[in-house]
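Now for the letters of each chain:
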Amino acid sequence: SKTATIVKEYNPGPNKVLCGLAAGIVESAKHNSDFDEAARQELEEECHLSGGTWHRLLNPNTSMAMDKYVVTEIVAYLVVDPTKVANPPPLDAEEDIEIIE
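Attention here is on the structure that accompanies the text. Owing to the predicted nature of the structure, the values given are computational and were not obtained by experimental measurement.

Overview of the pattern of salt bridges
No. 1: Considering all chains together, one arrives at 4 salt bridges under this definition.
No. 2: Glu42 is paired through a salt bridge with Lys30; the nearest N and O atoms lie 3.7 Å apart. Residue Glu42 is found in helix α2 (residues 35–47), and its partner Lys30 is found in helix α1 (residues 28–31); the two are separated by 12 residues along the sequence.
No. 3: Using a relative accessible area of 27% as the deciding quantity, one classes Lys30 as partly exposed.

Right under this line is the structure:
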């Protein structure tokens, strides 16, 4: 059977704890400005998962708006059969994430 990994974390916009999917901002210094690299690093950092078969759900060089009122662009991925990471990288200082499986 297949499962989904959800993260529960504080969201400053609505000022409450919400459930959602692993996500992150592409940072040039951390991810080399690459959506695919950022997604892999965020999944490992936030969900303690790595590897698996990655499916980018948009065409190459395509992103979508996170919301029509913000400039943030997103790219969604489906990762099938990732493996657990024993020693994941630390969360960013402002993150407090609970993994829900």
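Some points on the sheet that holds strand β9 (residues 97–100)
No. 1: Strand order in the open sheet made by the 3 strands is β2-β1-β9, with antiparallel pairing throughout. Looking at strand neighbours, the two that pair on one side only are β2 (16–20) and β9, the edges of this open sheet. In this sheet, adjacent strand axes meet at a mean angle of 25° when their direction is disregarded.
No. 2: Summarising the sheet, strand β1 (residues 6–11) and β2 pair through 5 bridges and their orientation is antiparallel. If you follow Tyr10 over to β2, its bridge partner there is Val17.

Quick word on the packing of aromatic side chains
No. 1: Taken as a whole, this structure holds 1 aromatic pair when the rule is applied.
No. 2: Their ring planes at 75° and their centres at 5.6 Å tell us that Trp54 and Tyr77 sit as a pair that is edge-to-face. Separated by 23 residues along the polypeptide, Trp54 in strand β4 (residues 53–56) and Tyr77 in strand β7 (residues 77–80) bring together distant segments of the chain.
No. 3: Residue class for Trp54 comes out buried when judged on its relative accessible area of 18%.
No. 4: Above the face of the Trp54 ring, Arg40 is positioned so that its terminal group lies 4.5 Å from the ring centre.

Quick look at the side chain of Glu46
No. 1: Examined against the element boundaries, Glu46 turns out to sit in helix α2.
No. 2: Despite its burial, Glu46 pairs with no opposite charge, the nearest such side chain being Lys30 at 7.4 Å.
No. 3: At 3.1 Å, the side chain of Glu46 and the backbone nitrogen of Ala23 are in polar contact.

Thresholds, definitions, all that
Residues numbered from 1 in each chain as written. Predicted model: local features only at pLDDT ≥ 70, side-chain atom pairs only at ≥ 80, totals over all residues. Heavy atoms only, no water. Salt bridge = Lys/Arg side-chain N within 4 Å of Asp/Glu carboxyl O. Helix = DSSP H or I, 4+ residues; strand = E, 2+ residues; numbered from the N terminus. Buried < 20%, exposed > 50% of the residue type's maximum accessible area, 1.4 Å probe, protein only. Pairing = 2+ DSSP bridges. Axes fitted to C-alpha atoms, helices over the stretch in contact; angles between N-to-C directions. Phe/Tyr/Trp six-rings, centres within 6.5 Å; stacked < 30°, edge-to-face > 60°. Lys NZ or Arg CZ within 6 Å of the ring centre and 35° of its normal. Lys, Arg positive; Asp, Glu negative; His and termini not counted. Polar contact = N/O pair within 3.5 Å; in protein donor to acceptor, adjacent residues only side chain to side chain.

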